[in-house]
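Residue-level structure breakdown
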Amino acid sequence: EGIDHVVSLMVRKTSEDMKAALEAMAAWLEPVAEQLQACTDPTATSLHDRLRTALGHLRLGSISYKPGEVLAVDGVSIFMGVNTAIGHLRKEQPAAFGVDLGQMIGPLSFLSLPSTSIGSEGSGAGGGGGGGGGS
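Everything in this summary refers to the structure shown in the same document. (Residues numbered from 1 in each chain as written. Predicted model: local features only at pLDDT ≥ 70, side-chain atom pairs only at ≥ 80, totals over all residues. Heavy atoms only, no water.)

1. Some details on helix H5 (residues 94-105)
For H5, spanning twelve residues, the distance from its first C-alpha to its last is 16 Å, which sits close to the expected 16 Å at 1.5 Å a residue. Listed as buried for H5 are Phe 97, Asp 100, Leu 101, Met 104 and Ile 105. Seen from one end, H5 has its buried residues packed into an arc of 110°, which puts them on one side. In this structure, H5 carries Ala 95 and Gln 103 as exposed residues pointing more than 90 degrees from its buried face. Looking at the buried side of H5, the elements it contacts are helix H1 (3-10), helix H2 (15-38), helix H3 (44-60) and helix H4 (79-90). (Helix = DSSP H or I, 4+ residues; strand = E, 2+ residues; numbered from the N terminus. Expected span 1.5 Å × (residues − 1). Buried < 20%, exposed > 50% of the residue type's maximum accessible area, 1.4 Å probe, protein only. Arc of directions from axis to C-beta. Contact = heavy atoms within 4.5 Å.)

2. A word on the sheet that holds strand E2 (residues 70-73)
One open sheet accounts for three strands, arranged E1-E2-E3; its pairing is antiparallel. Only two strands of the sheet have a single partner each, and these edge strands are strand E1 (63-66) and strand E3 (76-77). Looking at chain direction, E1 and E2 are connected through four bridges and run antiparallel. Bridge pairing links Ser 64 to Ala 72 in E2. (Pairing = 2+ DSSP bridges.)

3. Let's talk about the packing of H2 against H5
Here H2 crosses H5 at 115°, and the two axes come no closer than 13 Å. Between H2 and H5, the interaxial angle falls into the category roughly perpendicular. Of the two possible hands of crossing, H2 and H5 adopt the one that is left-handed. Contacts between H2 and H5 involve Met 25, Trp 28 and Leu 29 from the former and Phe 97, Leu 101, Met 104 and Ile 105 from the latter. Here the contact of H2 with H5 is built from residues that sort into seven nonpolar, no polar and no charged. (Axes fitted to C-alpha atoms, helices over the stretch in contact; angles between N-to-C directions. Parallel < 35°, antiparallel > 145°, perpendicular 65-115°, else oblique. Left-handed = near helix turned anticlockwise from the far one by under 90°. Nonpolar A, V, L, I, M, F, W, Y, C, P; charged D, E, K, R; others polar.)

4. Focus: the environment of Ser 46
For Ser 46, the location among the structural elements is in helix H3. It is 9.1 Å that separates the C-alpha atoms of Ser 46 and Leu 36, two residues lying ten residues apart in sequence.

5. Remarks on the environment of Leu 111
Here Leu 111 is to be found in the segment after H5. Taking the C-alpha atoms as reference points, Leu 111 and Ala 54, 57 residues apart in sequence, are found 7.9 Å from one another. Setting aside chain neighbours within four positions, we find Leu 111 in contact with Thr 53, His 57, Asp 74 and Val 76.

Right under this line is the structure:
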């Protein structure tokens, strides 16, 4: 499912839907992590590892959510990033959306990996740090 599905979940503004949206966003970004893993550029390994960490937090992290006020993953606020990214997506500004996605999930890539994701990369858990805007 694509980014439109992620946005449709986010705009429902329930904790359950927001958690599902973040998990769906991680799944949507998974092919990027796969491409980075296959890439031979010397910087790709570091980017891959960071993206895997960030995706792990989106999938398994502790979510704090209060509609219109707070959206944080493992203590990192992504509230403004999500709102800005959704705005750019709706205005059909994909480049700005991508930057937003990177800025939004980038800080998650510097956190320790959620303990439940270690060793479960093959099951779709794990994370990396990369990306920018949300929905």
